[in-house]
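Now for the letters of each chain:
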Amino acid sequence: MESLKLGPLEVWPPVVLAPMAGITNAAFRTLCREQGGGLFVCEMITTRALVERNAKTLKMIRFAPDERPRSLQLYGVDPVTVGRAVRMVADEGLADHVDLNFGCPVPKVTRRGGGSALPYKRNLLRAILREAVRNAGALPVTMKMRKGIDDDHLTYLDAGRIAVEEGVAAIALHGRTAVQHYGGTADWEAIARLKEAVTEIPVLGNGDVWSADDARRMMAETGCDGVVVGRGCLGRPWLFADLAAMCAGSDERARPRLGEVAAVMERHAALLAECFGSEPHAVADFRKHVGWYLKGFTVGSELRRRLATSETLAGLREGLAELDPAQPWPGKVADAPRGKTHARDRVHLPAGWLDDPYDLAVPCADAELDTSGG
């Protein structure tokens, strides 16, 4: 297995933490990096908010002092604004790598022509990629996308060719359409087809990597150059230790007992407090992680409730101390899918969006929110 080469950057193992809004902040990235190597991407940043120097957005661009490479994902729909944002990242040294989001399937993004809706407009996609690469200087620019809007409007092969032609350093494909959202099964065959069609740059696979063995199988079946992990690491930052072992040819896997999981939970909450500079904010933010960490373990409903409603680090520690430290890893139950798993009935799109796939018209200003992270 080879390192992942993104322009001047070399990443080992060839594993990427997918940016997830409200999840992949500096605290969670630190926790994952402590388990194993790879590329750990910051939460999505909106280009309009960045160039306007929105205070909330600038606070989200946090990296640990030892975090290298610093990876930042941008979301934008206007080529000029995207270009200005990438130039700002390059000129001000805000990150070492820029990823562009063309995969977000949520209605508030697609109904305005952004995220997974945008690659349908081939010329607009090309213009955005061109401006991003032109303004990036020495920084590698990559992109993450889905198969298309739905099975009748697949775009990934066209988008892959455009990316190569415009100098993108790598492509990540989530093997689902926008209408699938996070439901159904990821289409790994599409990842294989993209890899066959795009030979000049690395192709990364994303979707349904719940374990290191899933990652190994994806790479073997598709020939992809690396894997992108999103929901699979929710409540399981040690998945990156498993992925590092897998890439090194080892079958060793982390199987923490409940006491070890509790220790990671406590550290996660403490890192959030350092990151936010506010204990109440950190503990409130940590609540959504409790169910993911405890998935599959036998824990009473009352204790689960108290852990998920803690208001202080001390209260959280008290609850964690009541967990049975010797309880073994629950196996396949804990390795099951986590996070969102539902599909959509349809994709919300701007009026007339599907009329002309080569229309270069830029979506309205509302397509790009003035703040980031959602």
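Before reading further, recall that the structure is shown in the block above.
Structural notes, computed from the coordinates. Because the structure is a prediction, the values reported are computed rather than measured. (Residues numbered from 1 in each chain as written. Predicted model: local features only at pLDDT ≥ 70, side-chain atom pairs only at ≥ 80, totals over all residues. Heavy atoms only, no water.)

1. Some details on the packing of helix H13 (residues 301-308) against helix H14 (residues 313-321)
What counts, and what does not: Geometry is summarised by axes, namely lines fitted to C-alpha atoms with helices restricted to the contacting stretch, and by angles between N-to-C directions that run from 0 to 180 degrees. Strands are runs of DSSP state E lasting at least two residues, helices are runs of H or I lasting at least four, and both sets are numbered from the N terminus onward. For this classification, under 35 degrees means roughly parallel, over 145 means roughly antiparallel, 65 to 115 means roughly perpendicular, and everything else is oblique. For a crossing to be left-handed, the near helix must be turned anticlockwise from the far one by less than a right angle; the clockwise case is right-handed. For this analysis, residues touch if any pair of their heavy atoms sits within 4.5 Å. Residues are grouped as follows: Ala, Val, Leu, Ile, Met, Phe, Trp, Tyr, Cys and Pro are nonpolar; Asp, Glu, Lys and Arg are charged; every other residue, Gly included, is polar.
Between H13 and H14, the least distance of the axes is 9 Å, while the angle of their chain directions is 155°. Between H13 and H14, the interaxial angle falls into the category roughly antiparallel. Between H13 and H14 the crossing geometry is left-handed. Contact residues: H13 offers Leu303, Arg306 and Leu307, while H14 offers Leu316, Gly319 and Leu320. By residue class, the composition of the contact of H13 with H14 is 4 nonpolar, 1 polar and 1 charged.

2. Structural notes on the nonpolar core
The following threshold applies: In plain words, nonpolar cores are sets of buried Ala, Val, Leu, Ile, Met, Phe, Trp, Tyr and Cys residues tied together by side-chain atoms within 4.5 Å. Relative accessibility thresholds used throughout: buried, under 20% of the residue-type maximum; exposed, over 50%; partly exposed, between the two (1.4 Å probe, protein chains only).
Among the nonpolar cores identified, the biggest contains 75 residues, and Leu100 and Met143 are the most heavily contacted of them. Within the second largest apolar cluster, 31 residues are counted, among which are Leu258, Met265, Ala269 and Leu272.

3. What about the packing of aromatic side chains?
To describe a pair of aromatic rings, you give the distance between the ring centres and the angle between the ring planes. Rule in force here: Put simply, two rings from Phe, Tyr or Trp (the six-membered ring, in Trp's case) pair if the centres are within 6.5 Å, and we call them stacked under 30 degrees between planes, edge-to-face over 60, tilted for the rest. Remark: a charge is flagged as sitting over a ring if the NZ atom of Lys or the CZ atom of Arg is within 6 Å of the ring centre and within 35 degrees of the ring normal.
Tallying each qualifying case throughout the model produces 5 aromatic pairs. One aromatic cluster is present, formed by Trp238, Phe286, Tyr293, Phe297 and Trp329 through successive ring pairs. In this structure, Lys121 packs its charged tip against the face of Trp353, placed 4.8 Å from the ring centre. Above the ring of Tyr182, the side-chain terminus of Arg146 is found at 5.0 Å from the ring centroid.

4. Structural notes on the pairing of strand S7 (residues 97-102)
We apply this condition: At least two bridges found by DSSP between two strands are what make those strands a pair. Whether a crossover is right-handed depends on one test, that the path from the first strand over the helix to the second runs clockwise when the strands point away from the viewer.
Taken across its 6 residues, S7 has 6 buried, putting it largely inside the fold. Burial along S7 is two-sided: His97, Asp99 and Asn101 facing one way and Val98, Leu100 and Phe102 facing the other are all buried. Relative to S7, strand S6 (residues 71-75) runs parallel, the two being bridged by 4 bridges. Note that in S7 the partner of Leu74 across the bridge is Leu100. Each parallel crossover has a hand, and the one from S6 via helix H4 (residues 79-91) to S7 is right-handed. Sheet analysis places S7 next to strand S8 (residues 141-146), joined by 5 bridges and oriented parallel. Within S8, the residue paired with Val98 across the bridge is Val141.

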